[in-house]
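Reading the structure
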Amino acid sequence: MKTLIFESISKTFQDGSQTITALKPTNFSIEEGEFVTLLGPSGCGKSTLLKMVAGLLEPSDGKLLLWRKPVQQLQASGKKMAFVFQQPTLMPWSNVHTNVRLPLDLAGVPRAQADARVTDALALVGLSRFAKALPRELSGGMQMRVSIARGLVTEPDLLLMDEPFGALDEITRHQLDAELLELWH
């Protein structure tokens, strides 16, 4: 089954009297269970495309379908999506456990169930021992793993990640790449 279908999807922005093309017409599809990486130079539209999939931006033209429905009808599809941004975007005043539990709290998941899912998500990313730590007490790689755990805790059918390892050193980036592939398997 096709998870994502892009049919001539494009995005332009107006900058005063100038039109900026953020994404030229793009066509492709992604099958259920695929692990897909978008590659390209900075400014080619990768983040723009992900933001359109997440419903944070509207396409200027074309058709974008998630599980054969428009992005705006994601809830009606019964599917869930999570987005991990380039920066960890953690609440500095809250510990790791609370940061990971945030989407479950917002969704009204009962506390006991949410806490159990947070424990599982932290174990998946190797941060169980740091549940009570504040973000400032963690390395950059660990903060990104908290963000990934926050995406995974919702048990999404689709996990979008926008260069989550871009600002990390090469060794940490390779380690997190390997860990992410292991999680996917």
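These remarks concern the structure in this document. (Residues numbered from 1 in each chain as written. Predicted model: local features only at pLDDT ≥ 70, side-chain atom pairs only at ≥ 80, totals over all residues. Heavy atoms only, no water.)

Val 96, His 97, Asn 99, Val 100, Arg 101 and Leu 104 are the residues of helix H3 (residues 96-106) that are buried. In this structure, the buried residues of H3 make contact with helix H4 (111-124) and helix H5 (140-152). Taken from the residues just after H3, Gly 108 is the one with a positive phi, measuring 75°. (Buried < 20%, exposed > 50% of the residue type's maximum accessible area, 1.4 Å probe, protein only. Helix = DSSP H or I, 4+ residues; strand = E, 2+ residues; numbered from the N terminus. Contact = heavy atoms within 4.5 Å.)

The next point concerns the layout of surface pockets. Considering only enclosed or pocket space, the largest pocket measures out at about 1,200 Å³ in volume. Lining the largest pocket are 39 residues, with Phe 35, Val 36, Leu 159, Met 161 and Leu 180 positioned closest to its centre. For the lining of the largest pocket, the secondary-structure elements that each account for two or more residues are strand E1 (2-15), strand E2 (18-31), helix H1 (46-53), strand E6 (158-161) and helix H6 (170-184). Considering every element that reaches the lining of the largest pocket, the biggest residue donor is H6, with six residues. The computed volume of the second largest pocket comes to approximately 630 Å³. Residue lining of the second largest pocket: 24 residues in total, with Met 81, Ala 82, Phe 83, Pro 103 and Thr 154 positioned closest to the centre. Of all elements in the fold, only strand E5 (81-84), H3 and H5 reach the threshold of two or more residues within the lining of the second largest pocket. (1 Å grid on protein atoms, 1.4 Å probe; cavity = no way out; pocket = protein on both sides within 12 Å on 5 of 7 lines; lining within 4 Å. Points joined across faces, edges and corners; volume = space filled by probe spheres on them.)

Moving on to the side chain of Asn 95. Position of Asn 95 among the secondary structure elements: in the loop between E5 and H3. On the basis of relative accessible area, Asn 95 is assigned to the buried category, the value being 18%. At 2.8 Å, the side chain of Asn 95 forms a polar contact with the backbone nitrogen of Thr 98. Each residue touching Asn 95, except ones within four places of it in the same chain, is listed here: Ala 131, Lys 132, Ala 133 and Leu 134. (Polar contact = N/O pair within 3.5 Å; in protein donor to acceptor, adjacent residues only side chain to side chain.)

Attention shifts here to the sheet that holds strand E4 (residues 69-70). Pairing is antiparallel across the open sheet formed by four strands, whose spatial order is E2-E1-E3-E4. For this open sheet the edge positions go to E2 and E4, each flanked by a neighbour on one side alone. In this sheet, E4 lies alongside strand E3 (residues 61-66) in antiparallel orientation, the contact comprising two bridges. The residue bridging Leu 65 from the neighbouring strand is Pro 70, located in E4. (Pairing = 2+ DSSP bridges.)

It is worth spelling out the pattern of salt bridges at this point. Overall, the coordinates contain five salt bridges when judged by the stated rule. We note a salt bridge from Glu 31 to Lys 2, for which the minimum N-O separation is 2.5 Å. A residue pair is termed long-range when its members are at least 10 positions apart, and Glu 31 in strand E2 and Lys 2 in strand E1 qualify at 29 residues. Lys 2 sits in the partly exposed class, given a relative accessible area of 27%. Here Lys 63 and Glu 7 are joined by a salt bridge, their closest N and O atoms 3.7 Å apart. Taken together, the residues Lys 63 in strand E3 and Glu 7 in strand E1 connect sequence positions 56 residues apart. Under the relative-accessibility criterion, Glu 7 is labelled partly exposed at 35%. What emerges from the salt-bridge pattern is a single network uniting Arg 101, Asp 105 and Asp 115. (Salt bridge = Lys/Arg side-chain N within 4 Å of Asp/Glu carboxyl O.)

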